[in-house]
Amino acid sequence: MENKFRNELEIELAGEKILLRPTFENLLATELNVGSVAWLTWKYSRGTKFGADGKIDLASLRSEAAMKSVPPATEIAKIIYFNQAATKPDDPTLKKYSLEEIWEKMLVSGMSQVAAKVVLYLGRVMAG
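The structure contained in this document is the topic of the report that follows. (Residues numbered from 1 in each chain as written. Predicted model: local features only at pLDDT ≥ 70, side-chain atom pairs only at ≥ 80, totals over all residues. Heavy atoms only, no water.)

Digging into the overall build of the protein chain
A tally of helices and strands in the protein chain yields six helices and two strands. Going from N to C terminus, the protein chain has its helices and strands arranged as β-β-α-α-α-α-α-α. A burial count over the protein chain gives 39% of its 128 residues as buried. Just so you have it, the protein chain exposes about 7600 Å², and 58% of that area is on carbon and sulfur atoms. (Helix = DSSP H or I, 4+ residues; strand = E, 2+ residues; numbered from the N terminus. Buried < 20%, exposed > 50% of the residue type's maximum accessible area, 1.4 Å probe, protein only. Areas by Shrake-Rupley, 256 points an atom, 1.4 Å probe, with all protein chains shown as cover.)

Below you can see the structure in the form of structure tokens.
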């Protein structure tokens, strides 16, 4: 279960929930392997708009600016992989997936929804 005070975000891939948690180690791994979190947030959020309810306006994702800024699937998979919450021995619901497992789950899931969630996660991280 996500904790918004920690800027966590739960995403669903192929019917399974994955908790993204922005720890120092997770963000460092992301920056070393994908790019600066600030740069990724700016790059992928251009054109994405949010409604009054705080949810992503799905119509805005069809705009030209949003279409040009959609993260590539390989980067989405890496961001998810490096930001998974660590597995706790006393909590069997948290499992770390391999990059290959994440990639396979992404192929089954709707890419636009996964991309939107990853962009939302990056935005939460940057908002602090």
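Overview of the nonpolar core
Of all hydrophobic cores here, the largest spans 25 residues; its most connected members are Leu13, Ile80, Met106 and Leu122. Elements with a minimum of two residues in this core: β1 (9-13), β2 (16-20), α2 (37-45), α4 (73-82), α5 (99-108) and α6 (111-127). Sort the elements by how many residues they give to this core and α6 lands first, with seven residues. Apart from the residues lying within four places of it in its own chain, the contact partners of Met106 are Leu13, Ala73, Ile76, Ala77, Ile80, Met111 and Val114. (Core = buried A, V, L, I, M, F, W, Y, C linked by side-chain atoms within 4.5 Å. Contact = heavy atoms within 4.5 Å.)

Topic: the packing of aromatic side chains
Evaluated as defined, the whole model comprises one aromatic pair. Where Tyr81 meets Phe82, the ring centres are 4.9 Å apart and the plane angle is 70 degrees; that geometry is what we call edge-to-face. For Tyr81, a relative accessible area of 29% puts it in the partly exposed group. For Phe82, a relative accessible area of 18% corresponds to the buried category. (Phe/Tyr/Trp six-rings, centres within 6.5 Å; stacked < 30°, edge-to-face > 60°.)

A short note on the side chain of Asn7
Looking at the element boundaries, Asn7 is found in the segment before β1. Classification of Asn7 by relative accessible area gives buried; the value is 15%. In this structure the side chain of Asn7 is engaged in a polar contact, spanning 3.4 Å, whose partner is the backbone oxygen of Arg124. Contacts of Asn7, omitting those with residues within four sequence positions, involve Pro22, Tyr121, Arg124 and Gly128. (Polar contact = N/O pair within 3.5 Å; in protein donor to acceptor, adjacent residues only side chain to side chain.)

Here's the deal with the pairing of β1
Every second residue of β1 is oriented toward a common face, the buried set being Leu9, Ile11 and Leu13 and the non-buried set Glu10 and Glu12. Alignment of β1 against β2, held across five bridges, turns out to be antiparallel. Bridge pairing in β2 links Leu13 to Glu16. As consecutive antiparallel partners, β1 and β2 are separated by two residues, and within that stretch Ala14 has a phi angle of approximately 50 degrees, a positive value. (Pairing = 2+ DSSP bridges.)

Here we look at the environment of Glu101
Among the structural elements, Glu101 can be located in helix α5. Classification of Glu101 as partly exposed rests on a relative accessible area of 30%. Along the backbone, Glu101 and Tyr81 are 20 residues apart, and their C-alpha atoms lie at a distance of 9.4 Å. Among the polar contacts listed, one links the side chain of Glu101 to the backbone nitrogen of Ser98, at a separation of 2.8 Å.

Structural notes on α2
Where α2 is concerned, the buried positions are Val37, Leu40, Thr41 and Tyr44. Buried residues in α2, looked at end-on, bunch into an arc of 100 degrees, giving them a common side. Contacts from the buried residues of α2 go to α1 (24-33), α4 and α6. The opening residue of α2 is Ser36, an N-cap whose side-chain oxygen sits 3.3 Å from the backbone nitrogen of Ala38. (Arc of directions from axis to C-beta.)

Honestly, that's just the spatial picture; any functional story needs more than this.
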